[in-house]
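# Observations on the three-dimensional arrangement
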Amino acid sequence: SLAIDNAGKMHISYTHVLGDLKYASNELGSWQEGTLENTGAIATNTSIAVDSDNDIHIAYYDILEYRLRYASIVSGFLWIETIDAGWVGEYCSIAVDSNNKIHISYYDLTLSNLKYATNASGSWEVFTIDNTGMVGKYSSIAIDANNKAHVCYYDQTNEDLKYATNASGSWTTITVDNT
């Protein structure tokens, strides 16, 4: 996954062949890379975002512990935590709002639902956005100017492209393409 900071520098999150969570950036003038997590977790489906302070935020799925993980590099310090656990976190996508709060959409493998996590209230909260059939794979999230979330994702039950938003204050979903 690729993100560009305010200075036009590139930031990349990716998985090493051994499953380590890796990060690379050219913010110092040349490409530097490093391992962020190699403690037995196997990171997949990484998604990266950069906030207005040029801090780094990465969401990823740990396929050994079946959980959604979050890594941040703030003022040069690395912080890693579990956001949700229990066969959740695959197909995650991350975005940062204008207050530098984090928003993550992801798939719940156990219930086949689309889920959403955010720390906009100051602590992590997890919500189910859509639980109608097998929904939520391949999600992609964006945040608008009012800090509202917009998510597109795959409805496997109906083979449709769906869209969800909380712009009205509660989550609404529609089918965008059913062909």
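Now for a quick tour of the structure. Bear in mind that the values here come from a model prediction, so they are computed numbers and not experimental data.

### A closer look at the pattern of salt bridges
Between side chains of opposite charge, a pair can form as their charged atoms come close. By the definition in use, this model includes 6 salt bridges. A salt bridge links glutamate 33 to lysine 22, with the nearest nitrogen and oxygen atoms 2.9 Å apart. Linking glutamate 33 in strand β4 (residues 32–37) with lysine 22 in strand β3 (residues 21–25), this pair joins segments that are 11 residues apart in sequence. Residue class for lysine 22 comes out buried when judged on its relative accessible area of 9%. Salt bridges here are not isolated pairs; linked through shared partners, they connect Asp84, Asp108 and Lys115.

### Describing unusual backbone geometry
One non-glycine residue, tyrosine 138, lies in the positive phi region at around 60°. Residue placement: tyrosine 138 occurs in strand β13 (residues 135–143). On the basis of relative accessibility, which here comes to 52%, the residue tyrosine 138 falls in the exposed class. Phi angles above zero are rare outside glycine, and glutamate 159 is one such case at about 55°.

### Topic: the environment of tryptophan 171
In this fold, tryptophan 171 is placed in the loop between β15 (160–165) and β16 (172–177). Spatially, the C-alpha atoms of tryptophan 171 and histidine 150 are 9.6 Å apart, while their sequence positions differ by 21 residues. Contacts of tryptophan 171, omitting those with residues within four sequence positions, involve Tyr116, Ile129, Ala149, Val151, Ala164, Thr165 and Asn166.

About the cut-offs
Residues numbered from 1 in each chain as written. Predicted model: local features only at pLDDT ≥ 70, side-chain atom pairs only at ≥ 80, totals over all residues. Heavy atoms only, no water. Salt bridge = Lys/Arg side-chain N within 4 Å of Asp/Glu carboxyl O. Helix = DSSP H or I, 4+ residues; strand = E, 2+ residues; numbered from the N terminus. Buried < 20%, exposed > 50% of the residue type's maximum accessible area, 1.4 Å probe, protein only. Contact = heavy atoms within 4.5 Å.

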